[in-house]
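The residues making up each chain are set out below.
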Number of protein chains: 2
Amino acid sequence: MKLNDRGLLIVISGPSGVGKGTVRKALFDMKNHNLEYSVSVTTRAPRVGEVDGKDYYFVNRAAFEEMIRQDRFLEYAEFVGSYYGTPKDKVEEMLDKGKEVVLEIEVDGALQVRERMKDAVFIFLVPPSKKALYERLSRRGTDTPEIVNKRFQKAESEFKLAYKYDYIVVNDDVNNAADRIMAIIRAEHARTQRTIQKYQQLMEE
Amino acid sequence: MKLNDRGLLIVISGPSGVGKGTVRKALFDMKNHNLEYSVSVTTRAPRVGEVDGKDYYFVNRAAFEEMIRQDRFLEYAEFVGSYYGTPKDKVEEMLDKGKEVVLEIEVDGALQVRERMKDAVFIFLVPPSKKALYERLSRRGTDTPEIVNKRFQKAESEFKLAYKYDYIVVNDDVNNAADRIMAIIRAEHARTQRTIQKYQQLMEE
């Protein structure tokens, strides 16, 4: 029996190259979960095979900027000339249905969400060591040493923001990390600030 | 990989008759746990078969009161003329060894621990409904209706203290409750306040 019927907003973030996407995938591959992706809004053109409302909500620049003015994003950013954002109303809708909504986003975006959703759960994914992260960044193979170094420096500056998160999870093994995130979701549903209201109602009956 | 090597002090409490003992037993029956009981100190006489240092630490009244004066208890109480207390040094010793120390105690005792161990995890076990609790209290069979009513009234006054705890867990099914407590233990090990120090050391190497 759950004393909290609403879903949780789970923000998975962490320094560049730590493996956020892989961990999120492992999470969604687990059994019996109640997780949902949040579909982003973007101004970039759809690629072949991309479906509006599934891969992204595709809008034009004027529409996106109107949404910014109306404060309808949990977070947004401009990247190589296109906007990307997480629409607040869609997320709230899923949470009301009891879905756990997972955002896998960069550190900048996560801190924007923090401002708007006090109730969300913030998880900072970290590498087992700096060396491991450097190797992971190099392994992609397609980047020049200059680009690898630049991304590593960016990661190093992001390391310092861990204290802004609720949890720090080491991505030493992708399944361990996913298991721990699942435990965090289960535990957070029982936290007193989420359960006390329904509990008090129950005890008045 | 864990960023917190120290064990957690897990305080399981809740209103009289909610089934704390049964849930604690289910917890210790689970596989791969790292849980330890805390052995209490008492002034009552050992019963046949009870072993000093295993069932209780048996001491005389003067020794117990000296321990109170030295603030060596996490909590203590007097019950039917005998003292019972949780010795702080033994608990700290087990935590340092990385054990999760479980205290299954009454609400009064839990609030005493709260004062002394800011870092402990406080779980309030609750019945699925008032009716269920009343039935459970009646079912013991050995008590008169007056005693059942008295215990139920005590439970009702304890219901109000839920807000002092970190988590509220419903004991609708003993295995569900134990599973959720295990998830809480896993999650708490990843909480930023417990992990940030070791994480920062790691990122300085």
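Residues numbered from 1 in each chain as written. Chains lettered and ligands numbered in written order. Predicted model: local features only at pLDDT ≥ 70, side-chain atom pairs only at ≥ 80, totals over all residues. Heavy atoms only, no water.

The name an unreviewed UniProt entry assigns to chain A is Guanylate kinase, from the organism Acholeplasma laidlawii.

### Here's the deal with the interface of chain B and chain A
Here is the rule: In what follows, residue pairs with any heavy atoms lying within 4.5 Å of each other are defined as contacts. Using a 1.4 Å probe, buried area is obtained as the accessible area two parts lose upon being combined, added over both of them. A side-chain nitrogen of Lys or Arg and a carboxyl oxygen of Asp or Glu constitute a salt bridge if their distance falls within 4 Å. Secondary structure follows DSSP: runs of H or I at least 4 residues long count as helices, runs of E at least 2 residues long count as strands, and numbering of each begins at the N terminus. Classes in brief: Ala, Val, Leu, Ile, Met, Phe, Trp, Tyr, Cys and Pro nonpolar; Asp, Glu, Lys and Arg charged; the others, Gly included, polar.
If you look at the interface, chain B gives 37 residues, while chain A gives 37 residues. Summing both sides of the interface, chain B and chain A together bury roughly 3,300 Å²; the carbon and sulfur share of this comes to 57%. Between Glu188(B) and Arg191(A) there is a salt bridge whose closest N-O contact spans 3.4 Å. For the side of chain B that touches chain A, the elements supplying multiple residues, two or more each, are strand E8 (121-126), strand E9 (167-170), helix H7 (174-190) and helix H8 (192-204) of chain B. For the side of chain B that touches chain A, the element with the highest residue contribution is H7(B), accounting for 10 residues. Its residues placed into classes, the side of chain B that touches chain A shows 22 nonpolar, five polar and 10 charged.

### Considerations on the pattern of salt bridges
Spelled out, the test is: Only protein chains enter the area calculation, which uses a 1.4 Å probe; residues under 20% of their type maximum are buried, those over 50% are exposed, and those in between are partly exposed.
In total, this model carries 42 salt bridges over all chains according to the counting rule given. Between Arg24(B) and Glu104(B) there is a salt bridge, with the nearest N and O atoms lying 3.2 Å from each other. Placement of the pair is Arg24(B) in helix H1 (residues 20-28) and Glu104(B) in strand E7 (residues 100-104), with a sequence separation of 80 residues. Here Arg24(B) falls in the partly exposed class, since its relative accessible area comes to 23%. Asp29(B) is the partner of Lys25(B) in a salt bridge, and the nearest nitrogen-oxygen pair spans 3.0 Å. In this structure Asp29(B) comes out as exposed when scored by relative accessible area, which is 53%. Taken together, the shared-partner salt bridges in this structure form one network comprising Asp119(A), Glu188(A), Arg194(A) and Arg191(B).

### Here's the deal with helix H1 (residues 20-28) of chain A
In an α-helix, one full turn covers 3.6 residues, which means residues spaced three or four apart are oriented alike. Of the residues making up H1(A), those classed as buried are Lys20(A), Val23(A), Ala26(A), Leu27(A) and Phe28(A). Where H1(A) is buried, its residues contact strand E1 (9-13), strand E2 (35-37), strand E7 (100-104), strand E8 (121-126) and helix H7 (174-190) of chain A.

### A word on the sheet that holds strand E5 (residues 73-79) of chain A
Residue and element names in this part refer to chain A. As a reminder of what qualifies: Here a strand pair is declared whenever DSSP counts at least two bridges between the two strands. To get an axis, fit a line to the C-alpha atoms, keeping to the stretch in contact for a helix; angles then go from 0 to 180 degrees between the N-to-C directions.
Ordered by their spatial adjacency, four strands build an open sheet running E4-E3-E6-E5, and the pairing between neighbours is mixed. Among the strands making up the open sheet, the edge pair consists of strand E4 (56-58) and E5. The sheet shows a mean angle of 25 degrees between the axes of neighbouring strands, taken without regard to direction. Note: strand E3 (residues 40-42) against E4, three bridges, orientation parallel. Within E4, the position partnered with Ser40 by the bridge is Tyr56. Along the sheet face, helix H3 (residues 88-96) touches E4, E5 and strand E6 (82-87) and points at about 30 degrees away from the line of E6.

### Some remarks on the UniProt feature "domain: Guanylate kinase-like" (unreviewed entry) in chain A
Test applied: UniProt positions are given in the numbering used here, feature names are shortened, and annotations may be inferred rather than shown by experiment.
Look at the UniProt record and you will see "domain: Guanylate kinase-like" (unreviewed entry) annotated at residues 7-186 of chain A. Taken end to end, residues 7-186 of chain A is 42% helix and 23% strand, and its two terminal C-alpha atoms sit 11 Å from one another.

### So, the sheet that holds strand E5 (residues 73-79) of chain B
Residues and elements named next belong to chain B. With mixed pairing, four strands are arranged side by side in an open sheet as E4-E3-E6-E5. For this open sheet the edge positions go to strand E4 (56-58) and E5, each flanked by a neighbour on one side alone. Each strand axis lies, on average, 25 degrees off the axis of its neighbour in the sheet, ignoring direction. In this structure, strand E3 (residues 40-42) lies alongside strand E6 (residues 82-87), joined through two bridges in antiparallel fashion. By the bridge assignment, Thr42 is partnered in E6 with Tyr84. Those strands touched by helix H2 (residues 61-69) are E3, E5 and E6, and its axis lies near 45 degrees from that of E6.

### Details of the layout of surface pockets
Heads up, the rule is: A 1.4 Å probe that fits into a set of points on a 1 Å grid over the protein atoms alone but cannot get out defines a cavity; an open set with protein on both sides within 12 Å along at least five of seven lines defines a pocket, and lining residues are those with an atom within 4 Å of a point. Grid points are joined across faces, edges and corners, and a volume is the space filled by probe spheres set on the points.
In this model, the largest pocket occupies a volume close to 1,400 Å³. As for the largest pocket, its lining consists of 40 residues, and the residues nearest its centre are Tyr56(B), Tyr84(B), Glu104(B), Ile105(B) and Glu106(B). Counting residues per element, the ones that place at least two in the lining of the largest pocket are H1, strand E2 (35-37), E5, E6, E7, helix H4 (107-116) and helix H6 (145-159) of chain B. Residue composition of the lining of the largest pocket, by class: 11 nonpolar, 11 polar and 18 charged. Tyr56(A), Tyr84(A), Glu104(A), Ile105(A) and Glu106(A) are the residues nearest the centre of the second largest pocket, which is lined by 30 residues in total. Going through the elements one at a time, E5, E6, E7, helix H4 (107-116) and helix H6 (145-159) of chain A are the ones with two or more residues in the lining of the second largest pocket. Among the elements that make up the lining of the second largest pocket, the one with the highest residue count is E5(A) (five residues).

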